[in-house]
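What the coordinates show
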Amino acid sequence: MISQAKPFIIYKSSAGSGKTYTLTMEYLKLALKYPEAFHSILAVTFTNKATQEMKERILRELTRLSREVSLGEHMDQQLMESLGLDAVALQLHAKNTLTAILHHYGRFSVSTIDSFFQKVVRAFAREMDLNAKFEVELDQGAVLGRVVDRVVEKVMDDADLHRWLVAYATEEIEKGNSWDIRRKIRELGRELFQEDFKKYAGEIRAFLKEKEQMQALQKQLKKRKQALINLANELKQEANAIRMAQGLEWTDFKGGNRTFALKFDKLGDRLSPFPELSDTQLALPFSEEGWATKTSQLKDNIYRAYHQGLGKILGQFPENSEAWKTLEAISRNLFVFGIFRYLLEELIFLKEEENILLISDANEFLKEITKENDAPFIYEKVGNQFKHYLIDEFQDTSGFQWASFKPLLENSLAQGNTNLLVGDVKQSIYRWRGGEMRLLLEEVERQLGSDYVDNRNLSTNYRSLPHVVAFNNALFAQLPLSFQRSLSGRDEMIGILGKAYEDVWQKVAPAKQEAPFKGKVRLEFLEEQKEEGGKFSEQVLERIPQQVMELQERGYLLRDMAFLVRTKVEGEAIADCLMAFAADNPDLPYGFDVLSDESMFLHKSASVKALLAGLSYLHHPDDQVAWKTMWYYQAVLKGHPVTHALFDKKQMPETIREQAEAFSDAVHQLLQLPLIEVVEELIGLLDLQTGALERAYISGFKEAVYDFVKNNRADLAGFLEWWEEHRDKRTVKIPESHNAMRIMTIHKSKGLQFKVVMMPFLDWRIFDTSKGNVVWAPYALQEDGPRVVLPLTLNKDLLNSDFKDIYAAEEVLAYLDALNMIYVALTRAEEVFWGISPYRSKETDGARNQLAYHLQGILEGAVLAQGDFDFAGSFDRESRVFDFGEWKGKVSAGMEKGEPFPLRWAYQNWSSLLQVRKYAVDFSVEGLEQRRKRDFGVLVHELLEKSRNREEAGQQLESFYFEGRLDRGGDGTGSGAIGGAFC
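Computed from a predicted structure; not experimentally measured.

Parameters and conventions
- Residues numbered from 1 in each chain as written.
- Predicted model: local features only at pLDDT ≥ 70, side-chain atom pairs only at ≥ 80, totals over all residues.
- Heavy atoms only, no water.
- Domains from an automatic or database assignment.
- Buried < 20%, exposed > 50% of the residue type's maximum accessible area, 1.4 Å probe, protein only.
- Helix = DSSP H or I, 4+ residues; strand = E, 2+ residues; numbered from the N terminus.
- Pairing = 2+ DSSP bridges.
- 1 Å grid on protein atoms, 1.4 Å probe; cavity = no way out; pocket = protein on both sides within 12 Å on 5 of 7 lines; lining within 4 Å.
- Points joined across faces, edges and corners; volume = space filled by probe spheres on them.
- Nonpolar A, V, L, I, M, F, W, Y, C, P; charged D, E, K, R; others polar.
- Salt bridge = Lys/Arg side-chain N within 4 Å of Asp/Glu carboxyl O.
- UniProt positions renumbered as here; feature names shortened; annotations may be inferred.
- Axes fitted to C-alpha atoms, helices over the stretch in contact; angles between N-to-C directions.
- Parallel < 35°, antiparallel > 145°, perpendicular 65-115°, else oblique.
- Left-handed = near helix turned anticlockwise from the far one by under 90°.
- Contact = heavy atoms within 4.5 Å.
- Polar contact = N/O pair within 3.5 Å; in protein donor to acceptor, adjacent residues only side chain to side chain.
- Phe/Tyr/Trp six-rings, centres within 6.5 Å; stacked < 30°, edge-to-face > 60°.
- Lys NZ or Arg CZ within 6 Å of the ring centre and 35° of its normal.

**Regarding the domain arrangement of the protein**
- In terms of domains, the protein is made up of domain 1 (8-126 + 361-458), domain 2 (136-354), domain 3 (477-596 + 740-885), domain 4 (602-729) and domain 5 (925-968).
- Distance from the C-alpha centre of domain 3 to the C-alpha centre of domain 5: 85 Å.

Okay, here's the thing in structure tokens:
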């Protein structure tokens, strides 16, 4: 069999191609060989949700097979063929395996890759000098904040750090930037947790270890920059001398007041000593053509000036401008880079003090462990002898994760065991988190050898209807080509787009092909208007409620629909738009409920705002703003009139005066309560629990308070600070079963599917250099000098520097990311995809860097030879709408609106339920008597246990007297009473 000859199976899948089904089937082929076979299988996924789904799928199939084997099922046929079993034997194997899993569920190893790594790390805790009970810290942002604060606190104790930070702040002020250095330190400090930094971490630490090296680098940069400024000034003087010798002004050259020649006078500027030349001006140094107009009376003087040296001087602009931009790119992060040594030191100290391990450290640690030890040793430490590895979503695996798994896979393959990878390079959208799609594309096969690898393609789409599949097939055959035409990188780099999408064409599943409704794809292009409300975003938000109502008329439920967005801001705008429309049109027979992490933020709720204002007031009782804010939101919630008296410092409105007085009387008592109880009492004092519409928000806020108290000291000041940092992450939790439209980012939609997918903001900047992303680049300032790994901020200036290759590589990868993002978005749709993009009537600067430009160009005129898909035939140029496929008939005239489920709200102060006794019961008269009787009963039981007759009982009594456990008194509880029991 092929699997025996090549034990390493790589399934290269596509969207909706049955990846989970295939992974489950391959797992069962291994697990059903004998009952305990599952002990030696490790299935790895990348999210907790995927792990749960995988476990449920395996157990569900085993349960089905243990009851009945169907010869008509493809999976059953494959299992019988692979295992060499008939239906009866397969059923018996399934029953035994299912029983074994249920009895030894802890050995059922389906986990996330991080969970597996954490298990290994805990096994090596001793070798790492870690406390066995160390905590894994997931919030790396909070850790970085604490590290930065610790570094800044050291500034007065460390002269070098003080001098360095002052110099940095001074330079920022000279550039017109903010002097606040914390933000910039945090921005670059995030790199501490990224794999791109960790690749060079050893080299960087070695360089930063010696303070003198950083100072020498800074001096060298200043020296070279000053040399370029001096050269520019010399060239400026030389150019002006040539000009004046010919009796010319710079405006006499071609172009007049806008002539290129004015750039000679800009030489020597301290911020940019060599002005940048445009594409047409780059040819001027090589020919006198273009220096003067044909009608100029001074053209002979101008040509002489050109030959006397102006042309040569202008020719030095590009080379020196590139050198300057190289130095500027290095200098941009130099001061923060100099502080990296302190960040690294404080991070180590913090982790030791708090006994934590960062989630990002596990990959790095395991990579080092697997590199330095044999695989069997790692197995022994982990406690499981895995023979088979099944890795899902492999396109999102990082380089470090692969380096960790590789020795384990090599060991398994060397023993002839079957292993499996499943992935789709077209869905690699986590590069910012370390995902390395080149591994699946080519690297794994190259590193392990093609003799081991059995490549298989999953090319049938079982998710989407025929028209959706046909559109995606056609679009993604054209879109990579359109992207390639816009790129400035090298040919071999651009080729990765075509290689990633060479197998994009999918077949339609037979069941979908026979469906009466073939699916629909609709893309609307809106042109911005100058009048009010004509902006693209405004037009989109006006269009969204109409889309939702039309889809409901077509018979789609709210839960069938999903809005996909590129950013959380877009998701928030859609949610606000739909909720506002529903509030303004309560009588419409349509639903507009949404379910989203980007909607229903707790901090937007009036009740939560009132509670936070109340907590702020308790923290600072002199804060009248917090006091008035609390009562303002309470008045809004209760429908009380908002009058001037509500904001007057000396009075309160009659409607809330009594409540305000009760609150003031309770302040002292509230300050003595635990934080959770303070919140409960505030809810009662402000009478917030009676408003049904706000209960979900209040419940979410209480959950946030509980989460804080669970992991932190429960003080009021700490919670208020924590809330400011985390409030944008806290939303109302709504059950997945709720009939509501989903709003989610494309990243979160991965692995999901919906009958209708809408993308109202179908456009984004493909290569966005405004985010200040950082790349690490090895560089030597001198040809024979040492190499230094430097942090560079991605911007367009890198394109004209020594780092142009790095810029070009990042640009290509950004285009590939955008291609993968739109692929993931479009392939979530089962039946309908409906997008809205901005329309451009003419090409403008930067248009090619916008996704909508490429979509518009393809849909307006491209015809795909393969399959003869005619985009233009479905595009109406007048309405600017691409419409492919017919709607299914209208099913419903609206939607049946259900009543909201009433939330139960019950709270009683514990003091009303429990009564504290004034004394301990055991030391009261009654308690002492009860204790004496209880002790007497214990003695009797012990005596009976150790005595077989009256004589032995007497001996045991004597021992009790001797031990002082019993006295000889005649109070009825001593020997007389016990002795009487044996008469």
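**Brief notes about the pairing of strand 2 (residues 41-45)**
- Counting buried residues in strand 2 gives five out of five residues, a clear majority hidden from the surface.
- Taken together, the four bridges between strand 2 and strand 6 (residues 388-391) define a ladder with parallel strand orientation. Looking at the pairing, Leu-42 lines up with Tyr-389 of strand 6.
- Sheet topology note: the strand 2/strand 3 (residues 110-112) ladder contains three bridges and is parallel. Within the sheet, the bridge partner assigned to Ala-43 lies in strand 3 and is Val-110.

**Structural notes on empty space enclosed by the protein**
- Across all of its chains, the model carries two cavities of 30 Å³ or more by this definition.
- Within this model, the largest cavity holds a volume of roughly 50 Å³.
- As for the largest cavity, its lining consists of Tyr-168, Glu-172, Asn-177, Ser-178, Asp-180, Ile-181, Arg-183 and Lys-184.
- Elements supplying a minimum of two residues to the lining of the largest cavity: helix 8 (159-174) and helix 9 (181-189).
- The greatest single-element share of the lining of the largest cavity, amounting to three residues, is contributed by helix 9.
- A class-by-class count of the residues in the lining of the largest cavity yields two nonpolar, two polar and four charged.
- Considering only enclosed or pocket space, the second largest cavity measures out at about 40 Å³ in volume.

**Overview of unusual backbone geometry**
- The backbone phi angle of Glu-393 is positive, close to 50°, even though this residue is not glycine.
- Here Glu-393 lies in the loop between strand 6 and helix 18 (399-414).
- On the basis of relative accessibility, which here comes to 16%, the residue Glu-393 falls in the buried class.
- Positive phi, normally seen in glycine, also occurs at Arg-880, with a value near 60°.

**Points about the pattern of salt bridges**
- Tallying each qualifying case throughout the model produces 47 salt bridges.
- The residue Lys-426 makes a salt bridge to Asp-424 at a minimum N-O spacing of 2.8 Å. Accessibility classification places Lys-426 together with Asp-424 in one group, the buried group.
- Of the charged contacts, one joins Asp-768 and Arg-765 as a salt bridge, the two residues approaching to 3.2 Å between their closest N and O atoms.
- The class of Arg-765 is partly exposed, set by a relative accessible area of 43%.

**Considerations on helix 28 (residues 675-685)**
- Among all positions in helix 28, only Leu-675, Glu-677, Val-678, Val-679, Glu-680, Leu-682 and Ile-683 are buried.
- Among the residues trailing helix 28, Asp-687 stands out with phi positive, at a value near 55°.

**Re the UniProt feature "coiled-coil region" (unreviewed entry) in the protein**
- Residues annotated in UniProt with the feature "coiled-coil region" (unreviewed entry) correspond here to residues 204-245.
- In residues 204-245, the share of helix is 98% and the share of strand is 0%. The end C-alpha atoms are 53 Å apart.

**Quick look at the packing of helix 18 against helix 19 (residues 438-448)**
- At a minimum axis separation of 12 Å, helix 18 and helix 19 run at an interaxial angle of 40°. When the axis of helix 18 is compared with that of helix 19, the two are oblique. Handedness of the crossing formed by helix 18 with helix 19: right-handed. Where helix 18 approaches helix 19, its residues Gly-399, Trp-402, Lys-406, Glu-410 and Leu-413 are matched on the opposing element by Leu-439, Val-444, Gln-447 and Leu-448.
- Looking at the contact of helix 18 with helix 19, its residues break down into five nonpolar, two polar and two charged.

**Examining the UniProt feature "binding site: ATP" (unreviewed entry) in the protein**
- Per the UniProt entry, the sites bearing "binding site: ATP" (unreviewed entry) are Ser-13, Ser-14, Ala-15, Gly-16, Ser-17, Gly-18, Lys-19 and Thr-20 in this numbering.
- If you trace the backbone, Ala-15 turns up in the loop between strand 1 (8-12) and helix 2 (19-31).
- According to the relative accessible area criterion, Ala-15 is buried, its value standing at 2%.
- In this view, Ala-15 contacts Asp-424, Gln-427, Asn-461, Arg-463, Gln-506, Tyr-823, Thr-827 and Arg-828; residues no more than four positions away in its chain are not counted.
- Here Ser-17 falls in the buried class, since its relative accessible area comes to 4%.
- Not counting the four nearest positions on each side in its chain, Ser-17 is found in contact with Leu-458, Thr-460, Tyr-462 and Gln-506.
- At a separation of 2.6 Å, a polar atom in the side chain of Ser-17 contacts the main-chain carbonyl oxygen of Ser-14.

**A closer look at the environment of Asp-149**
- Looking at the secondary structure, you find Asp-149 in helix 7 (residues 140-153).
- A sequence separation of 658 residues divides Asp-149 from Tyr-807, and the C-alpha atoms of the two residues are 33 Å apart.
- Residue contacts for Asp-149: discarding those within four places in its chain leaves Arg-182 and Arg-186.

**Some remarks on the packing of aromatic side chains**
- Counting across every chain of the model gives 50 aromatic pairs.
- Residues Phe-253 and Phe-260 carry aromatic rings whose centres are separated by 6.4 Å and whose planes lie at 80° to one another, so their mutual orientation is edge-to-face. This pair shows no difference in class: Phe-253 is buried, exactly as Phe-260 is.
- Chaining the aromatic ring pairs together yields one cluster made of Trp-250, Phe-253, Phe-260, Phe-264, Phe-274, Trp-291, Tyr-306 and Phe-317.
- Here the basic side chain of Arg-341 rests over the ring of Tyr-342, its NZ or CZ set 4.4 Å away from the ring centre.
- For the cation-ring pair, Arg-880 lies above Tyr-839, with the distance from its terminal atom to the ring centre recorded as 4.5 Å.

**What to know about the sheet that holds strand 7 (residues 419-423)**
- Strand order in the open sheet made by the six strands is 3-2-6-7-1-8, with parallel pairing throughout. A single partner strand is all that each edge strand has here, and the edge strands are strand 3 and strand 8 (453-457). Averaged over all pairs of adjacent strands, the angle between their axes in this sheet comes to 20°, without regard to strand direction.
- On the sheet, helix 3 (residues 48-67) packs against strand 2 and strand 3 and is oriented at approximately 170° with respect to strand 3.
- Against the sheet, helix 6 (residues 113-123) touches strand 2 and strand 3, its axis set at about 90° to strand 3.

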